[in-house]
Structure formats: C-alpha cells, structure tokens
Amino acid sequence: MNKCSFLLLWLLSLPLVNAQLQSPEKFLGYSLGEKFTWHHQVVDYFQHLEAQSPSLQLSPYGSTYEGRLLQLAFISSPENLKNLESIRKRHLNNSGSLEGVKNTDKVIVWLSYNVHGNEASSTEAAMQTAYALLTQHKEWLEDTVVILDPCINPDGRDRYVNFYKQTQSAPYNSKKYAREHIEGWHNGRSNHYMFDLNRDWAWLSQVESQQRIKRYNQWMPHLHVDFHEQGINSPYYFAPAAEPLHEIITDFQRTFQDQLGKNHAKYFDKEGWFYYTKQVYDLLYPSYGDTYPTYLGAIGMTYEQAGGGIAGLGIDNDENIELTLKDRIAHHYTTGISTVELATQNRATLNENYQDFFSPKNAKYRSFVMEGSKDKLHALADFLNQHEIKSGFLNTETTVKGFDYESQRDTSAKFKSGALVVSTQQPKGKMVQVLLEPFTQLSDSLTYDITAWSLPYAYGLKTMASQQALAHTVYTPQQATKAVPKTTAYGYAIHYESFKDAQFLAALLKAGMGVRQNRVALTNSGVYWKPGSVFILRGDQQKNEDYTQTLVEIAEDFKRTLHPISTGYSSQGPDLGAAALQLIKAPKIAVLKSEEANTLSYGEIWHYFEQQLGYPLLQIDPDHLEAALEEIDQLILPDGYYYAWADNDWGTQVLDWVRKGGKLIALAGAIDQFLEDETFSLQSKEVAEIDKSRIPYGEMERNALSSITTGSIFPVKLDPTHPLSFGLERYYTLKLNAHAYAFLDEGENAAYIGEDTTPINGFMGHNVLENQKESLVFGAESIGAGRVIYLVDNVLFRGFWYTGKILFANALFY
C-alpha cells in the first residue's frame, strides 16, 4: 500500500471515530434531565468516553463504604495526557512540594460533583461538561488539564436516585407536598455513615475523603469548584464569596473570584437567569470543598443551584415557578464551562500568583510546639501526615517564647524533649496556621459554619505558638511494639492516656478478657498508676488459661507496651484485690434511631463504634425498643430535638430499665427532654429576655447573633477523680449552641465551665455569654440501680474532636 492510499484510509476513518463518541443522550437513551442516572450508568458513560476519546483518561482512586467506585476523569489534549506525570511534577514545583523546573504554561482545574448525594443535578451536569470539553472546546485542552470527579458521594446519590425512582409519579408531580419530594430520615445527602462529606475535607474521618485527599494532594490545582444545590427558592450562587474570609486568603484569590463571577454573569445575563454573589457562603471553616483548596493556594469556590432532595424532576417554588432538573443541569454546566474558559485565558497569571501563595515570608507564627501523652502527639502527627504536613519532635528540653494557649497570653515555658513541633516554613505552612492557630481572626461573626476548630484544643495539648525556629527530629509513624509476656506474672497493666488505650480496652472486652480499672492512684511493681489505668490480671482470666497469647496479639495490634505486674501487693495505695480496682463488664450497647434524632449525630455514633472504637453496637428503633431493653446494658440517645420525656412513647419503659440497672447516655440536644421531669436533676440556665421591639427589621438577623454561638471553644475544669475524666489531662469543649445547664444538685459534676466565660476561640453572643459561667459540661447521676450520663456538647462532632472520643469511651466503659 502506498503512502497516498494509507493517508486516504486514515482520513476516511476519522468521521467514524468521532461518530463513536456519543453524547450522554445518545449513550443513555434519554435526554439529561428526563430522569436521574444511576451511578453505575455514570461510570459506564465515562468508560465510554475514555474508550472513544484520546483526550480523556480515567483514574480510579478507591471505593465507598458500600463498595461503589470512586474515580477521576483527566481531560486534556492527547499530548498532555501522555505527559501527565511530567505536568503534575512541574506544577507541584510551583508550590515547593517538589524541586525542579516550574510550570508556567499549563493550568490545572479540578471540578467536583455531587458531594451531597441528593443534590443530584451536578453529576448529570458532569457528563454534559465532559462531553462538551471533548467535542466543543478542544483548543482549551492544549493548555489546560481538567480533573473531573463525577460523583464524590455515590452511596448518597444512589440512595436518593433509588428513592426518587421508587416514589415518582408518572408523569412527575411538581407539587412540593407530593410523596416524591419528601425523602425519609436517612436521606441521600450524606454518605453511608450519615456524614456530610463537604464538612470532612480537613478532618478525613470518612473513607471517601481519605482516598480523595491523597489524589488531591498529588495535584493541588489552580482552581477547584464544588458543585452544590440549595433551597428551591434561591437564585444561583457563584463567587465571589461572602465575608468572613480567612486572613491568609490573598488579594489575588479574592480578585480572581470576582473575575470568575463576572464571567459567569455574562452567560447568565444572556439567558436571563437569576443569580447572586458575595452573600451567605463565606471562606472560613477549613473543611469545606471551597476553603480547603483555598488554603492550599487554589481559587476555591462553591457553586449553588436551587434544588436539593426536595426538587425531583420538577417542583413549583414559592413564586409558582417550576424548577426542573433540566434547568439545574443547564446552570451547573454553564458555570463549569465558564470556569475552564477563564482559567485557560489566565493560565500565566494563575501560575505566577500560585507560586507567590506558597512563599513562607511574613508568617504569623514560625512554629507550633505541643506537649502531651506520646499517643496524643503521634495521633496528631499521623493526622497531619495524611495532609502531607511535616512535623517532628523536640530534640532536647527547650524554653519556648510565644503565645500560650492555656493562659492566653505571651509568655515563656519549658517543653520536654519529644514535644511535637510543626513549622509553618514548609509548602503547606498556611494550612498549618489555619489548623493550629490559637484563635481565628473574624472579619464578620455572621458565618455559615463554626468559627473555632483549633486542633491543639481538640487534642487537649499544652501548646505554644512561637516565632522561634525549633530544632526537631522529623516524625516517622510509630512502629509496632513486640510484647514479650512473663509467664509467671501476676498480670499486666497499661496507662490510660489516649484514644488508642480506649481502643485497646474495647478489644480486650470484645475478646472476653477480664479487665480492671483503678478508681484511685496506686504504686505497684515499681510503677505509679494514675486512676483509670487498665489491669489485666491472671486471676480474672479463669475462662482463658492461655490468655497471654490473646493479650499479646491485641497489644501488638494497638502498639501497646504491657507492663508486667509481679504482685498484687501495692507499695502505695490499694492492693490489686481491693474494691478500688473494679472489674469492667463488657457492656451490650444500643443506639436509639428515632425520627427526633439528628442523623449526623446518629451517624457519628455509628461510625465511632464500627470504624474507630471497634466495638459492637446494636441499632434499634422505638418499635423494637421494649424487646431490646431485655438484652442490653446501655442505651445511647443521639443529639436531636426530642419531645419532653413524659411525652415520649418509650420514656416510661426506658426509665424502668434504668431503675433496674441500665445506663442511659444522652448526647447534646438529647438531654433537653429531661428538663421538665422531676425524676432527673438536670436544670437549664435561663437567659434573661431581651426587648427586641425597637430593633429595625433590616438588623434582626445580625442582632440575633448576640444570643447564639457559631461554634466556640471553652476551657473546662475537670474533676480528675471522676471516671468520665480518666485519660483527659486537659479538656476544652466545643460549644455548638448557647444552651447552658446548672450543676447537678443530686449528681456528679465531672466537668464544668468556671467563672471566666470568655471563649478562647470562636464567637459567642454577649447576651448568652454570662450564662455559661459555672455551667455543666458533662456529669452523671444515679436513678435507682442505674445511671444517666449527660454530655452537654456533641463530643463526637464530625469525628475530629480527639479528646471527645476518649470521653465517650469513658462514658461507655467506666
């Protein structure tokens, strides 16, 4: 065959190749917006695009708790895709994460869809956007790499799509009271464990987030967009963001958001579509899909389309305008394409300013140094390592000058060798500041989420923020400990100082081992044992003669060092056979799933047991509660909005069960149901009424801030002798509402806020601040033979308050 013939055949084949690349409509057999697309169909469509286009490359990055695929689609020119790794490394050189030739001519845009499963229009728009980039905007792809995540939350999406397909009328009904617009209690917004994945970017409590962040940190794009939906009456929202913006956000990041907003507005104006900017959606809380990328140098944005789980295929809003799925797709498609367009046009400017963001000059603090138990320090170092933030440990005891987190003033203090050091003089130094700084600077207290999250408080650590450069040894993950038992030992013990110790305790109980805990301090076998230490004594293992093998395996799993106990005779304090060493019964625990319970809190408890503590949990609903009470020892009530105790259908039977020896653990809002019942000693502290009659209408929303908190952190006074306080050297509570409760007259006030009611981080309104003085944080009371545990604040909030996890374990086992 001669060259001319070959060329002719090649040219003739081109239309055939293009003809094989199908639009979503052609591939799926229906127009986008006519019905919702299941996740597996979305996966199939992107596999089709990869098979038929040299400009799209799929890259799986994991799977969900329910086993659904998570994947990225890289869209660029064929030449760029061949050199993708080279482009990635050159781009990371711009941040200082790698060293070498910097990127000046390529722009990286990351588009994330459907983080909330029932905000389902965005995944539909993702398919249309990918197809358009491949067929209509090939010229952009010469200089742009688009990373497209079609569905961050496939479990939630399919939960919603299944619900809608099962309840939809034919044709669909646009009346918002129709069944197809009313999801159930566990709706499609959240993931399997009912977590909001859009609040988990920083905390990484969920497997979807953990897998995604590894890939995100490999790219750290110039722009990141998180596509969302909001109430059905709202116009479309896009950048620029509202105040407050965190102080580390650069002038360029602000300015470029404004440029993007104007570019979007051009297209929306042409169609006559309504939109708004600079309101509601701020850039402060670090665990969002807009803020987390922003703190890593990106132009991070959320785009909000009217819709959500209520919207279905079409719904009449309050202005009697029908909002259709086709409308929602069109709007998200438009802003997605507009984003890529403007990024491509400004690639040189984006690269230049991206490099400037990562300059460590003018850092507010140079180092953060933290002291506490070895496990707590390693837990925080492990967490930071997931974000590829470097840390290390002080080489020698060092006097550090700086801002002291506990006294809230500039001072000097000694830190022991082995204290954790995190420097801001690294590529992710600004993220270090955001996560560890002692207080968050607020340009406006009217915010979309919490205003306090500082991790040294969450981990209960002695901390200093300093301008000193501190010599330290680079952190490496803890190595497994080889436990070598003495067969003649009277038993073994470990100190109880961390959540890792709580996990170890849970594993021992689950394995059927006898475990004791000392209620008072003692010295035995040459070791001082604080209250709450864990003792595994040979005399308690009558059912398991070869208990040491099981004990060693569990100790090695949790990297615990076993201390041999040579005798039951203590040199100080009670002997090991005394009543002060109480045998811990392996409890049978249930959580009550009621319509009044907050799904997020319920999911936090569920996830805590299955994915963190590793201990069995029975999930029950009120209809089966009576039978379950005969089998369980403890019942957990999640945060929520409950009826008064006397009005609950199940209140009487639960109270009878408590009186017979059951333990009831009430979390946050669940405790309010006890306030009007004389059986319980819990009492609220009432806030004085404020005259609002002369407040102008336009100032009402802002005036309401004086009576709320938007997430604030308070230091807590602990009773170190109370079992709820075991393992908590210091404790700070994260208050999510302004409710305050008096000391228990007939109970045990294990922790409380003292006379100083100034939050050390975050905002609380002045009208309710004084009410926090001498208020309960956590405590307990006996009712008959049973116990009620009151946890005033949600100690498991979003899975990141480390000391809260220890406290919750204490409530269960002690």
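Residues numbered from 1 in each chain as written. Predicted model: local features only at pLDDT ≥ 70, side-chain atom pairs only at ≥ 80, totals over all residues. Heavy atoms only, no water.

### Observations regarding the nonpolar core
Here's step 1: Core analysis: the largest hydrophobic core is formed by 176 residues, its most contacted members being Phe 609, Leu 635, Phe 808 and Phe 813.
Here's step 2: Discounting residues that sit within four places of it in the chain, Phe 808 has contacts with Tyr 608, Phe 609, Ile 636, Ile 665, Leu 667, Leu 791, Val 795 and Leu 796.
Here's step 3: Listed in part, the 56 residues of the second largest apolar core include Tyr 30, Tyr 113, Phe 238 and Tyr 303. (Core = buried A, V, L, I, M, F, W, Y, C linked by side-chain atoms within 4.5 Å. Buried < 20%, exposed > 50% of the residue type's maximum accessible area, 1.4 Å probe, protein only. Contact = heavy atoms within 4.5 Å.)

### Overview of the side chain of Ser 725
Here's step 1: Within the element layout of this structure, Ser 725 appears in the loop between strand S32 (717-718) and strand S33 (732-735).
Here's step 2: Only 3.0 Å separates the side chain of Ser 725 from the backbone oxygen of Asp 719, close enough to count as a polar contact. (Helix = DSSP H or I, 4+ residues; strand = E, 2+ residues; numbered from the N terminus. Polar contact = N/O pair within 3.5 Å; in protein donor to acceptor, adjacent residues only side chain to side chain.)

### A short note on the pattern of salt bridges
Here's step 1: The tally for this structure, following the rule as stated, stands at 31 salt bridges.
Here's step 2: One salt bridge in this structure joins Arg 199 and Asp 196, with 2.8 Å as the shortest N-O distance. The pair Arg 199 / Asp 196 is uniform in exposure class, with both members buried.
Here's step 3: Among the salt bridges present, the one from Glu 243 reaches Arg 254, with a minimum N-O distance of 3.3 Å. Taken as a pair, Glu 243 in strand S7 (residues 242-245) and Arg 254 in helix H9 (residues 251-271) lie far apart in primary sequence, eleven residues in all. (Salt bridge = Lys/Arg side-chain N within 4 Å of Asp/Glu carboxyl O.)

### Some details on the sheet that holds strand S35 (residues 761-764)
Here's step 1: Reading across the sheet, the three strands line up as S33-S31-S35 and stay open at both edges, with antiparallel pairing between neighbours. Every other strand in the sheet has two partners, leaving S33 and S35 as the edge strands with one partner each. Between one strand and the next, the sheet's axes are offset by a mean angle of 35 degrees, whatever the strand orientation.
Here's step 2: Pairing analysis gives three bridges linking strand S31 (residues 709-715) to S35, with the strands arranged antiparallel. Bridging across to S35, Thr 709 finds its partner in Met 764. (Pairing = 2+ DSSP bridges. Axes fitted to C-alpha atoms, helices over the stretch in contact; angles between N-to-C directions.)

### Quick look at the confidence of the model for the protein
Low pLDDT marks regions whose predicted coordinates should not be analysed in detail.
Here's step 1: With 97% of its residues at a pLDDT of 70 or more, the protein shows a mean pLDDT of 94.
Here's step 2: Counting contacts from residues 1-17, a segment whose pLDDT is below 50, to residues more than four positions away or on other chains yields three contacts. (pLDDT = per-residue confidence, 0-100.)

### Quick word on the packing of helix H16 (residues 499-510) against helix H17 (residues 547-557)
Here's step 1: Taken N-terminus to C-terminus, the directions of H16 and H17 make an angle of 150 degrees; their axes are 10 Å apart at the nearest point. The orientation of H16 relative to H17 falls into the category roughly antiparallel. Considering only the axes of H16 and H17, their crossing is right-handed. Of the residues in H17, those touching H16 at Phe 504, Ala 507 and Leu 508 are Leu 551, Ile 554 and Ala 555.
Here's step 2: When its residues are assigned to classes, the contact of H16 with H17 shows six nonpolar, no polar and no charged. (Parallel < 35°, antiparallel > 145°, perpendicular 65-115°, else oblique. Left-handed = near helix turned anticlockwise from the far one by under 90°. Nonpolar A, V, L, I, M, F, W, Y, C, P; charged D, E, K, R; others polar.)

### Focus on unusual backbone geometry
Only a minority of non-glycine residues have a phi that is not negative, and only a minority of peptide bonds are not trans.
Here's step 1: Look at the link from Ala 239 to Pro 240: it is a cis peptide, with omega at 10 degrees.
Here's step 2: Here the amide bond leading from Glu 243 into Pro 244 is cis, since omega sits at 5 degrees, within 30 degrees of zero.
Here's step 3: The topology assignment puts Pro 244 in strand S7.
Here's step 4: For Asn 320, which is not glycine, the phi dihedral falls at a positive 60 degrees.
Here's step 5: By the element assignment, Asn 320 lies in the loop between strand S11 (314-316) and strand S12 (322-324).
Here's step 6: By relative accessible area, Asn 320 is classed as exposed at 61%.

### Some thoughts on the sheet that holds strand S30 (residues 663-667)
Here's step 1: In space, the eight strands of this open sheet follow the order S28-S27-S29-S30-S37-S36-S34-S32, with mixed pairing throughout. The open sheet is flanked by strand S28 (618-620) and S32, the only strands paired with a single partner.
Here's step 2: Taken together, the five bridges between S30 and strand S37 (residues 786-791) define a ladder with parallel strand orientation. Opposite Leu 664, over in S37, you have Val 788 as the bridge partner.
Here's step 3: Lying on the sheet, helix H23 (residues 802-813) is in contact with strand S27 (589-592), strand S29 (634-637), S30, strand S36 (775-783) and S37; it crosses S30 at an angle near 160 degrees.

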